[in-house]
Amino acid sequence: MEKKRLLLVDDDQVARELIEEFMQYDCDCISTQNGVEGFSYLERNPGQIDLIVMDLIMSVMDGFELIRRAQEHPLNKNIPILVIASSDRQEDIRKAFMLGADDVILKPLEADIVKKRVNNMFDIADSRGIHNVMEDLVRIEIEENIESLGICPCPLCRRDLMTLALNNVPPKYVNTEKGAIMSKVGSMSSTERIKLLAEIARYAEMVRDYPRHAPVQSDIAQ
Ligand SMILES: [Zn+2]
């Protein structure tokens with residue numbers, strides 16, 4: 001089985017080296033020194049990371065911002081997130097969980113605990129298992145074709161189009177075992193893509209004609 005890939009984001013060099021050492025036989029560690037570096041790695045390698053381990057307090061994009069942004073890319077939004085925090089920072093930990101973190105490792109970092117927590121997270125990632133890849137496909141088609149679809153690009157109109165399309169195209173389930181989503185996106189035949197895009201274009205007309213962001217007077221009158 002291929003080695004799991006852990007993205008480590010921490011501006012504390014000692015903590016980074018400790019975690020790399022603890023995990024050296026269990027997974028591949030990609031080390032980055034702040035939120036910007038970590039986020040940039042995720043953007044350049046969508047769907048390639050199995051777990052993010054991050055510090056919360058960093059000077060260049062903190063962990064809270066990184067948790068939010070890490071989930072932006074459809075291929076990254078299911079990556080489990082483990083945060084590193086001090087036990088006296090309950091408020092930070094609560095906030096991290098609210099934003100979407102999955103678990104916390106408390107400082108000081110101890111080998112046995114870190115290994116156990118990280119490996120538990122890898123198991124959770126595996127058990128998230130089945131995933132409706134159609135969500136990713138539809139989102140990608142909308143993003144790539146937003147201009148030719150002729151709808152207003154505001155978040156509400158995009159979301160309406162996404163919802164309409166997903167309610168009407170059959171779901172396509174795949175196992176999220178690493179790379180499966182990527183290969184599925186890549187392997188969609190051009191005929192399938194054209195059919196999907198035609199469906200999306202049909203619903204785009206509805207969103208374009210009846211946008212909810214700012215109803216025009218004639219819509220209200222009817
Ligand atoms: Zn709009």
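Before any of the text, the structure's been laid out above.
Nothing here was measured: the structure is a model prediction, and the numbers come from that model.

Before going further, it helps to spend a moment on the overall build of the protein chain. A count of helical and extended segments in the protein chain gives 10 helices and seven strands. Scored against the burial criterion, the 222 residues of the protein chain give a buried share of 41%. Within the protein chain, contacts between residues separated by at least 24 positions form 70% of all contacts whose residues are at least 6 apart in sequence. Accessible area of the protein chain: about 12,100 Å², with a carbon and sulfur share of 50%.

Here we come to the sheet that holds strand E5 (residues 103–107). Pairing is parallel in the open sheet, where five strands are placed in the order E2-E1-E3-E4-E5. The open sheet has two free edges, formed respectively by strand E2 (27–32) and E5, since each of these has just one partner strand. If you compare each strand with its neighbour and ignore which way they point, the axes differ by 20 degrees on average. As paired strands, strand E1 (residues 4–9) and strand E3 (residues 51–55) are joined by four bridges and run parallel to one another. Note on E3: the bridge partner recorded for leucine 8 is valine 53. Against the sheet, helix H1 (residues 13–22) engages E1, E2, E3 and strand E4 (81–86), with an angle of about 170 degrees to E2. Strand contacts of helix H3 (residues 63–70): E1, E3 and E4, with the helix running at about 160 degrees to E3, the strand carrying the most contacts.

The subject of this paragraph is the nonpolar core. Core analysis: the largest hydrophobic core is formed by 24 residues, its most contacted members being Ile49, Ile52, Met54, Ile67 and Val83. Elements that contribute at least two residues to this core include exactly E1, helix H2 (35–44), E3, H3, E4 and helix H4 (90–99). Here this core gets four residues from one element, more than from any other, and that element is H3. Membership of the second largest hydrophobic core comes to 20 residues, among which are Met134, Cys157, Val169 and Leu196.

With that out of the way, let us pick up the environment of lysine 95. Here lysine 95 is to be found in helix H4. Remark: the alpha-carbon pair of lysine 95 and phenylalanine 64, spanning 31 residues in sequence, is separated by 7.8 Å.

Here we come to the coordination of the zinc ion. Ligation of the zinc ion by protein atoms is provided by Cys152 (SG), Cys154 (SG), Cys157 (SG) and His213 (ND1), these donors lying 2.0 to 2.3 Å from the ion. Positions of the donor residues of the zinc ion, expressed as sequence spacing, correspond to C-x1-C-x2-C-x55-H. Of the two residues, cysteine 157 sits in helix H7 (residues 155–168) while histidine 213 sits in the loop between helix H9 (190–209) and helix H10 (217–221), which places them 56 residues apart along the sequence. Given the relative accessible area of 1%, cysteine 157 is considered buried.

Conventions and cut-offs
- Residue positions within a chain follow its written sequence, with the count starting from 1.
- Under the rules for a predicted model, residues below a pLDDT of 70 receive no local features and side-chain atom pairs below 80 are neither given nor counted, while totals for whole chains, interfaces and linings still include all residues.
- Heavy atoms throughout the structure, all of them, feed into the side-chain values; hydrogens and water do not.
- Helix and strand assignments come from DSSP, with helices taken as H or I runs of at least 4 residues and strands as E runs of at least 2, each series counted from the N terminus.
- Remark: exposure states derive from per-residue accessible area (1.4 Å probe, protein chains only) relative to the maximum for the residue type, with buried under 20%, exposed over 50%, and partly exposed in between.
- Whether two residues are in contact is decided by their heavy atoms, any of which lying within 4.5 Å being enough.
- Working definition of accessibility: Shrake-Rupley area with a 1.4 Å probe, residue cover restricted to the visible protein chains.
- Two strands are said to pair when DSSP picks up at least two bridges between them.
- Note on definitions: angles span 0 to 180 degrees between N-to-C directions of axes, and those axes are lines fitted to C-alpha atoms, for helices only across the stretch in contact.
- Here the nonpolar core consists of buried residues drawn from Ala, Val, Leu, Ile, Met, Phe, Trp, Tyr and Cys, with membership extended through side-chain atoms lying within 4.5 Å.
- Each metal site lists N, O and S donors within 2.8 Å (3.2 Å for Na, K and Ca). With water left out of the atoms, a site can look as if it is missing ligands.

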